[in-house]
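As a plain string of letters, each chain reads:
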Amino acid sequence: MPSPGALPPGCLFAPRCPKAIPQCTTAQPPLFLLPDGQKAACIRAPKLTLEALT
């Protein structure tokens, strides 16, 4: 677990996320509003949501 004073760049969940891609470790994820009204801070949220709906 990283120190709160020295957080690594990118998504904090990337090291343990099974859907992580290289960009997850470098870019801070934006907050997306999902079709069901929930919010997700994940750069892959729109794509993963669409895959789940099909």
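What you see is a predicted model; the values in this text were computed from it and never measured. (Residues numbered from 1 in each chain as written. Predicted model: local features only at pLDDT ≥ 70, side-chain atom pairs only at ≥ 80, totals over all residues. Heavy atoms only, no water.)

Participant: Would you explain the overall build of the protein chain in this entry?
Facilitator: Of regular secondary structure, the protein chain possesses one helix and two strands. Out of the 54 residues belonging to the protein chain, those deemed buried represent 19%. When contacts within the protein chain are restricted to residue pairs at least 6 apart in sequence, those whose partners lie at least 24 apart make up 5%. When the accessible surface of the protein chain is totalled, it reaches about 4300 Å², and 65% of it is carbon and sulfur. (Helix = DSSP H or I, 4+ residues; strand = E, 2+ residues; numbered from the N terminus. Buried < 20%, exposed > 50% of the residue type's maximum accessible area, 1.4 Å probe, protein only. Contact = heavy atoms within 4.5 Å. Areas by Shrake-Rupley, 256 points an atom, 1.4 Å probe, with all protein chains shown as cover.)

Participant: Could you clarify how one ought to interpret the environment of Pro15 in this entry?
Facilitator: Its location among the elements puts Pro15 in the segment before strand S1 (31–33). In this structure the C-alpha to C-alpha distance between Pro15 and Thr25, which are ten residues apart in sequence, comes to 8.0 Å.

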